[in-house]
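Listed here are the chains, written in short residue letters.
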Amino acid sequence: MSKHGDRPGTLRICGDAGPSAQVELDGQDIAKALTGLTLRLGVGHLPTATLDLIVHDFGAEADVRFVVPDECRDLLVRLGWTPPAEEATS
């Protein structure tokens, strides 16, 4: 689970699971930017939606720090990926 970006919201899914489905987050249709959605439900817990998004028309350039979640990093290493040198030593 991400340490950043967690916040309450209202998720609404309309239609079938096909390309015509509507997915709304706080009333804003995000279906065109959505590449995946995982919904976790548990008794006594607020449901958690993890959104995988692709950003369209992003018109900015900046130096950024990329963060690979531990579970993804472990899988990539098992598949043969070598982490950057500064990450491998920490």
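The numbering scheme is per chain: residues are counted from 1 as the chain's sequence reads. For a predicted model such as this one, the threshold for reporting local features is a pLDDT of at least 70, and the threshold for listing and counting side-chain atom pairs is 80 or more; totals across whole chains, interfaces and linings nevertheless cover every residue. The basis for every side-chain value is the complete set of non-hydrogen atoms in the structure, without hydrogens or water.

A. Expanded view of the side chain of Glu24. Numbering goes from the N terminus for both helices and strands, where a helix is a DSSP run of H or I of at least four residues and a strand is a run of E of at least two. Relative to the helices and strands, Glu24 resides in strand β2 (residues 22-25). Ignoring sequence-local partners within four residues, the contact set of Glu24 consists of Thr10, Leu11, Arg12 and Asp29. Any two residues whose heavy atoms approach within 4.5 Å are treated as being in contact.

B. Seen up close, the pattern of salt bridges. For this analysis, a salt bridge means a side-chain nitrogen from Lys or Arg found within 4 Å of a carboxyl oxygen belonging to Asp or Glu. On inspection of all chains with the given rule, the structure shows 1 salt bridge. Across the pair Arg12 and Glu24 runs a salt bridge, and its minimum N-O distance is 3.4 Å. One end of the pair, Arg12, is in strand β1 (residues 11-14); the other, Glu24, is in strand β2, with 12 residues separating them in the sequence.

C. Summary view of the sheet that holds strand β3 (residues 28-29). Any two strands are treated as partners once DSSP identifies two or more bridges connecting them. What the 3 strands build is an open sheet, ordered β1-β2-β3; its pairing is antiparallel. Every interior strand has two partners, whereas the edge strands, β1 and β3, have only one. Relative to β3, β2 is paired through 2 bridges, and the arrangement is antiparallel. Residue pairing across strands places Glu24 opposite Asp29, the latter belonging to β3.

D. Focus on a nonpolar patch on the surface. Patches here are clusters of residues that have more than 30% relative accessible area and form no salt bridge, with a 9 Å joining cutoff for like charges and a 5 Å cutoff for nonpolar side chains (Val, Leu, Ile, Met, Phe, Trp, Tyr). Per-residue and other accessible areas were derived by the Shrake-Rupley procedure at a 1.4 Å probe size, with only the shown protein chains allowed to occlude residues. On the surface, a cluster of nonpolar side chains totalling about 480 Å² of accessible area is made up of Val68, Leu75, Leu76, Val77, Leu79 and Trp81. Tracing the sequence through the fold places Leu76 in helix α1 (residues 70-78).

E. Molecular detail of the environment of Ala31. Among the secondary structure elements, Ala31 is positioned in the loop between β3 and β4 (34-42). Note on exposure labels: buried denotes an accessible area under 20% of the residue type's maximum, exposed denotes more than 50%, and partly exposed covers the range between, all computed with a 1.4 Å probe on protein chains only. Assessed through its relative accessible area of 24%, Ala31 is described here as partly exposed. As a C-alpha pair, Ala31 and Ile13 span 18 residues in sequence and 9.2 Å in three-dimensional space. Sequence-distant contacts of Ala31, defined by excluding residues within four places in its chain, comprise Ala21, Gln22 and Val23.

F. Just the environment of Asp52, in detail. Position of Asp52 among the secondary structure elements: in strand β5 (residues 45-53). On the basis of relative accessible area, Asp52 is assigned to the partly exposed category, the value being 38%. Between the alpha carbons of Asp52 and Thr35 there is a distance of 5.4 Å; along the sequence they are 17 residues apart.

G. Structural context of unusual backbone geometry. We note that Asp26 has phi near 50 degrees; this positive angle belongs to a residue other than glycine. Here Asp26 shows up in the loop between β2 and β3. Taking relative accessible area as the criterion, Asp26 reaches 42% and is therefore assigned partly exposed.

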